[in-house]
Amino acid sequence: MQHGDGWTAVEELIPAELRTYLDRFDTLNPLQAAAVPAVLRTDRHLMVVAPTSSGKTLVGEVAALRSIIVERKPAVWLLPARALAAEIAATTARWRQHGITSLELTGETNMSSAHIRRAQLWVATTEKFEALYRRSSLRDHLDSIGCLIIDEVHLVGDAERGATLESLIARLRSGVTSTRIVALSATASNAAELAAWFNAELIRTDWRPTVLTTDVVPFDDGDSKSEYEAEQEGKDRALRRLVAGLDDAGSLLVFCGSKLNVRRTAALLAGIPFHRDDDENVLAETAFAAGVGMHYRDAPQASRALRTFNARQLRMLVATTGLSTGVNTPARVVVIRDLLLGKDTPLEVSQAQQMLGRAGRAGQESHGYGYVLVPRHREAEWRAKLDLGYTVRSQVRGRLADVLLAEILLGSITDRDSAVAWFRGTFAYAQTEKDTDLGEAITFLIEHGLVTDTDGELTVTDIGALTTRLMIDAASAGGLRRAIESPPRPLDADDAERIVLETVVNNVAALRDWPVNPRLYETWADDVNHTYDASAGVFDDEFGPTFALAAALAALRDPSRIGRNLPRGATPAEIRRVIDTLPRYLSWAAALGYLGEGDWAAAVAADLARRLTWWQLTPHPERGTGRLLWFLERLLEPENRRARMPDLYRRARRAGFDTPDRINRSPRGVDVSPDGFDVVAQGRASLDIAPPQGLSVQHHASPVEARLTVLTSTGPYRERVSARPAPGSLDLPRPDVAVHDTELSADVFLFTRDGDIAYQNLITDLPIEDIPEKVDPLELARDLLLSIEPTVETPPTKRRGSAKRGRTLAELLPQSAPDPRLAAVAVALAPRNPDTLTRASTLRLNLSRMFPVESRTTSPGPPCYPATVLTTDPPNAKEFECLFLSLAGNLKMHVGAAMTADGRLVSLLKIRGEWYRATPLAADQSVQKPLDPPSIPPDLTPLPGVEFGDVTRGPAFGWMSEFSPTC
């Protein structure tokens, strides 16, 4: 619908009962005059599309007020970013004087369900609201929402958040619920298609309170030999010419794709030299004095720069694109300098339009001018893009597993047929009218234990519910679960922390792809990780895990390192941001303990999650204080924790409390009543074990619904049993195969539903009748070999024309490949339960015992497969190494190979991200020629020579007392 330029008095369109809350308006502009009657006269879904600064916020306000005042139902206002949510929350805060209670809900806030229910208006980010939607305690309340206002609804097409927003709209679009959708957008060339999908009336106008002129400015690369620097020089020249032709009286806002480019551009506009390593504080002050401000996350004096620019006391502001979502950054001229955001994210047309819309804001500038700098060869492309506008494309197909898991949790999907029906209600289907194969995504969820299929009925498992409620993607959850089920055995408490943190940073996609510049933080991260002997190198080509691990270790061990010795351009806030992200994933890992999927790793994760949440408290939370922090959290309402935890924790530590076990009286300044304190106290994990009688143990565990997990050990072999609720007595399980020993040790873990932990250990004598005879792994392996038919097999050879390394690999790969026939032999030679390092050493030792050095002197003949080697003649040196690699591969170890200078084959193993040399070498020998991988560290750690069965007796995880100390 197109409308004229006439304005309408407020009293003509808005009833008196709502005007009280809108007293800052006297008239409605043409857009508002068209949209407000539609909001008030009908219950239909509504979509309003109009340029930036055309007054869509008022339309949202009227929709919220109608729901709250007229219909007596709460309203929700969704926004894509925290900054926008804060702006709207500030706008609606004035309603409180008239009795309307509102809440701002973003990733930085946490609220109790009771507090949320009392509010009449929620201003929330999409992700935060979706997380609340999945909270079972709020499900009924959410059904009572009268209106859902969605700001920037075109973000259905956003690669990161679009699938979440689309699935949320899909739940409400059909009209099954009474919730009305009022969607607002500044850009969407296919707005009619989007509105038709969720059955909305479309109101669209090109009216804008100011005149906006946009253009593309082509540039040619500079003369630098570096392709990157040549492009930057071209942009600098184009921007300098553009600014030189502007009216000095107008304000200028320049958007850049990175912090580095913000600093470079600010220096250019201020007329001062720029070097990458310039001190950003000095640069910010010098540029500000010249009339140029800088704005990006953690920029020096960023808030001052923005405030003075908005007040017209500063002519020029250079900012990253995050500022484009703000509502109070008007300028006469807007320039988009970069077409690449961050490291490698292309600028979307919708983002460009949002930025250009900052030019000529209502009440600030009568005219606006927007320019996009583009390489000359892309000029026609970008002119067409801006002419055509942004087309919203569904992103659901790329996130099927995640959205399916959420819908199964919420009951929208109950079987495969209803999954198809659900998909046909998505925008993805509306755009193509083509079904997609949901079977693969459903199978993925089932295989990773997130969903079960019982007689065709799909049900979310406890782990699946945990995953989707914490807004963790299914792929990361699957990887974390696999890794936590069988982690390496820690040597001590420090090692345990490293293993858990490395597991998280290597398996969470968001942390692997963390958007940080390696050039700025690599030296710092490597230094921190080296200090604590840590490595996150599972994904060697990604810097994110290395950075996240270093940030976590610094926060846990020495917080002063977060602001110390940082390279120029690096900021502590970037480090704090990744620290703040980690606790959610650690809490997920910790919850596996109560669900029966974890033991020591879950207990360590529980301590880490709390300590990283509160790492800035004083005194610094040390190892084992996670339980105390957990307890104190529960004495405060979620919305009060940030403000009041520092004092509560400080008082508890000054009073001598390291754990919650002796806190038996409600402290002052808490939110819970005395009765509420008793409930929290009764929920603490408590474990008291009586002296064992043989293999029978009596114990007292509370609370009664807690899960008890016991790991027993005789030498290197272990057994595990888990039960919920915790039984009053149990028979300790004895490992099925054990070395000759007279003692059995046990590590006992208790996990509560609410996240507390307790740990104890014990040693007991094995009853004489239960002491098994010593099992010789060599005899067992030889017995298993009898079932394998001897064969003579010759692997294929490499064609002569290939490179030497290629020929060598072609020969070795068939000889060293895992052979399924030898899987049982590999297990016999290396027991299942020890950690990977011990298991690898045990395999090497036992294979050497089976084929001593003196038996490996046969001259090389045709290369043979491992099964042939084991069942025929003793192997030569090369065949022995291939056999070792094959058996290690059967045990799912990461293997590699290299050569010495004299041509000897060397076996390599990658364990915990570090390459080990498994082949003993003489003092004058060294690895010279890597085969696979093509490059290896110069100094390879030799595989420890652990004797079979030569392991420390006693509890395997005695260091756990550092994470769960007892009084």
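Each remark here, short or long, concerns the structure printed above.
(A) Examining the pairing of strand E6 (residues 121–125) more closely. Where burial is concerned, most of E6 is hidden: five out of the five residues are buried. Burial along E6 is two-sided: the face carrying Leu121, Val123 and Thr125 and the face carrying Trp122 and Ala124 are both buried. Inspection of the sheet shows strand E4 (residues 75–79) paired to E6 by five bridges, in the parallel sense. Bridge pairing in E6 places leucine 78 opposite alanine 124. Here strand E5 (residues 102–105) runs beside E6; their pairing, made up of four bridges, is parallel. Directly across from leucine 103, in E6, lies its bridge partner tryptophan 122.

(B) Geometry of the environment of glycine 478. Inspection of the secondary structure assignment puts glycine 478 in helix H22 (residues 474–485). By relative accessible area, glycine 478 is classed as buried at 2%. In the structure, glycine 478 is positioned 33 residues away from leucine 445 in sequence and 8.5 Å away in space, judged by C-alpha atoms.

(C) Highlighting the side chain of threonine 625. Within the secondary structure, threonine 625 is located in the loop between helix H28 (600–613) and helix H29 (626–633). On the basis of relative accessible area, threonine 625 is assigned to the buried category, the value being 2%. In contact with threonine 625, not counting residues within four places along its chain, are Asp607, Arg611, Tyr649, Arg653 and Asp658.

(D) Structural context of the packing of helix H26 (residues 544–557) against H28. In contact at an axis separation of 10 Å, H26 and H28 are set at 80 degrees when each is read in the N-to-C sense. As the angle between them shows, H26 and H28 are arranged roughly perpendicular. For the pair H26 and H28, the contacting residues are Ala552, Ala555 and Leu556 in the first and Leu608, Arg611 and Leu612 in the second.

(E) Seen up close, the nonpolar core. In terms of nonpolar packing, the biggest core is built from 96 residues, with Leu511, Leu586 and Trp600 touching the most fellow members. Of the residues forming this core, the biggest block, eleven residues, is contributed by helix H27 (residues 572–594). For tryptophan 600, the contacting residues outside a window of four places in its chain are Pro487, Pro488, Pro490, Ala496, Ile499, Val500, Phe749, Phe957, Trp959 and Met960. In terms of nonpolar packing, the next biggest core, distinct from the first, is built from 41 residues, Met47, Leu78, Leu103 and Leu168 among them.

(F) A look at the sheet that holds strand E28 (residues 905–911). Pairing within the open sheet is mixed, and its five strands lie in the order E30-E27-E28-E29-E31. Strands at the two margins of the open sheet, each flanked by one partner only, are strand E30 (927–932) and strand E31 (941–942). Both E28 and strand E29 (residues 914–917) contribute to a ladder of four bridges, which runs antiparallel. Bridge pairing in E29 links leucine 909 to tyrosine 916. Of the strands in this sheet, E28 and E29 touch helix H35 (residues 836–850), which is tilted by about 155 degrees from E28. The strands that helix H37 (residues 877–890) touches are strand E27 (894–900) and E28; relative to E28, the one it contacts most, it runs at about 20 degrees.

(G) Structural view of helix H11 (residues 227–244). With 18 residues, H11 ought to run about 26 Å at 1.5 Å a step, and its terminal C-alpha atoms sit 26 Å apart, in line with that. Restricting attention to buried positions, one finds in H11 the residues Ala230, Gln232, Gly234, Lys235, Asp236, Ala238, Leu239, Leu242 and Val243. Taken together, the buried residues of H11 touch strand E10 (211–219), strand E11 (252–256), helix H12 (259–270), strand E14 (333–336) and strand E17 (367–375).

(H) Structural context of the pattern of salt bridges. Within this structure, the stated rule accounts for 49 salt bridges. The closest approach of N and O atoms between arginine 264 and glutamate 229, which form a salt bridge, is 2.8 Å. Of this pair, arginine 264 sits in helix H12 while glutamate 229 sits in helix H11, placing them 35 residues apart in sequence. Judged by its relative accessible area of 13%, arginine 264 is buried.

(I) Geometry of unusual backbone geometry. Residue proline 703 is bonded to the preceding serine 702 through a cis peptide linkage, with omega at 0 degrees. By secondary structure assignment, the location of proline 703 is in the loop between strand E21 (696–702) and strand E22 (707–714). Of note, the amide linkage connecting arginine 724 to proline 725 takes the cis form, showing an omega dihedral of 0 degrees. Looking at the secondary structure, you find proline 725 in the loop between strand E23 (717–723) and strand E24 (729–731). Positive phi values are uncommon outside glycine, yet glutamine 301 reaches one of about 55 degrees.

(J) Structural detail: the pairing of E14. Burial along E14 is two-sided: Val333 and Val335 facing one way and Val334 and Ile336 facing the other are all buried. Where E11 meets E14, four bridges bridge the pair, whose relative direction is parallel. Opposite valine 254, over in E14, you have valine 335 as the bridge partner. In this sheet, E17 lies alongside E14 in parallel orientation, the contact comprising four bridges. If you follow valine 333 over to E17, its bridge partner there is tyrosine 369.

(K) Just the sheet that holds strand E3 (residues 45–49), in detail. Spatially, seven strands are ordered E5-E6-E4-E7-E8-E3-E9 in an open sheet, and the strand pairing comes out parallel. In the strand order of this sheet, the two ends are held by E5 and strand E9 (200–204), each with one partner. The sheet shows a mean angle of 15 degrees between the axes of neighbouring strands, taken without regard to direction.

(L) Seen up close, helix H14 (residues 302–310). Of the residues making up H14, those classed as buried are Ala302, Arg304, Ala305, Leu306, Thr308 and Phe309. Looking at the buried side of H14, the elements it contacts are E11, helix H13 (280–289), strand E12 (292–295) and strand E13 (316–320). The first or second residue beyond H14 is arginine 312, which carries a positive phi of 65 degrees.

Scoring rules and cut-offs
Residues numbered from 1 in each chain as written. Predicted model: local features only at pLDDT ≥ 70, side-chain atom pairs only at ≥ 80, totals over all residues. Heavy atoms only, no water. Buried < 20%, exposed > 50% of the residue type's maximum accessible area, 1.4 Å probe, protein only. Helix = DSSP H or I, 4+ residues; strand = E, 2+ residues; numbered from the N terminus. Pairing = 2+ DSSP bridges. Contact = heavy atoms within 4.5 Å. Axes fitted to C-alpha atoms, helices over the stretch in contact; angles between N-to-C directions. Parallel < 35°, antiparallel > 145°, perpendicular 65-115°, else oblique. Core = buried A, V, L, I, M, F, W, Y, C linked by side-chain atoms within 4.5 Å. Expected span 1.5 Å × (residues − 1). Salt bridge = Lys/Arg side-chain N within 4 Å of Asp/Glu carboxyl O.

The values are spatial; any link to function lies outside them.
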